[in-house]
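# A closer look at the structure
The primary structure of each chain is shown beneath.
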Amino acid sequence: MDVLYFAWLRERIAEPRERIETAAATAAELIAELAQRSDRHAAAFADPSAVRVALDQVLADPTAPLAGVREVAFFPPMTGG
């Protein structure tokens, strides 16, 4: 699975993307798993409520299942202006 990071998540993790294998069943479980990978990941996912997720380029809830998903993107909430 490809995992993409945007904005301050990318800055904290210091990588724009990773290719991983996971046993996580949901995006929320993946966030918890990624937070354990390194101190940088822990800093990026310290407040999961401040992270939005897209599964295969479709905005999704963190409880959404990962079965069959090929790409997960994490980004901060967006605001209009």
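First, a word on scope: everything that follows refers to the structure included in this document.

Definitions and limits used
Residues numbered from 1 in each chain as written. Predicted model: local features only at pLDDT ≥ 70, side-chain atom pairs only at ≥ 80, totals over all residues. Heavy atoms only, no water. Helix = DSSP H or I, 4+ residues; strand = E, 2+ residues; numbered from the N terminus. Buried < 20%, exposed > 50% of the residue type's maximum accessible area, 1.4 Å probe, protein only. Contact = heavy atoms within 4.5 Å. Pairing = 2+ DSSP bridges. Axes fitted to C-alpha atoms, helices over the stretch in contact; angles between N-to-C directions. Polar contact = N/O pair within 3.5 Å; in protein donor to acceptor, adjacent residues only side chain to side chain. Core = buried A, V, L, I, M, F, W, Y, C linked by side-chain atoms within 4.5 Å.

### Re the environment of A64
For A64, the position within the fold is in the loop between β4 (58-60) and β5 (71-75). A64 sits in the buried class, given a relative accessible area of 15%. Between the alpha carbons of A64 and E33 there is a distance of 15 Å; along the sequence they are 31 residues apart. Ignoring any residue separated from it by four or fewer positions in sequence, one finds A64 in contact with A25, T26, A27 and L55.

### Points about the sheet that holds strand β2 (residues 17-19)
Spatial strand order, β2-β1-β5-β3-β4: five strands in an open sheet with mixed pairing. Two strands bound the open sheet, and with one partner strand each, they are β2 and β4. If you compare each strand with its neighbour and ignore which way they point, the axes differ by 25 degrees on average. Relative to β4, strand β3 (residues 52-55) runs antiparallel, the two being bridged by three bridges. When the sheet's bridge partners are listed, V53 is paired in β4 with A60. Lying on the sheet, helix α2 (residues 27-35) is in contact with β1 (2-5), β2, β3 and β5; it crosses β5 at an angle near 70 degrees.

### Description of unusual backbone geometry
Unlike most non-glycine residues, D56 shows phi in positive territory, near 50 degrees. Looking at where D56 falls in the secondary structure, it is placed in the loop between β3 and β4. The phi dihedral of Q57 is positive, around 70 degrees, even though this residue is not glycine.

### Examining the side chain of D2
Here D2 lies in strand β1. For D2, the side chain forms a polar contact with the side chain of R19, separated by 3.2 Å.

### Brief notes about the nonpolar core
Counting 22 residues, the largest nonpolar core has Y5, L30, L34, F45, L66, V72 and F74 as the members making the most contacts within it. Every element with two or more residues in this core is listed here: β1, α1 (8-13), α2, β3 and β5. The biggest single contributor to this core is α2, with five residues.

Purely geometric stuff here, so don't read any function into it on its own.
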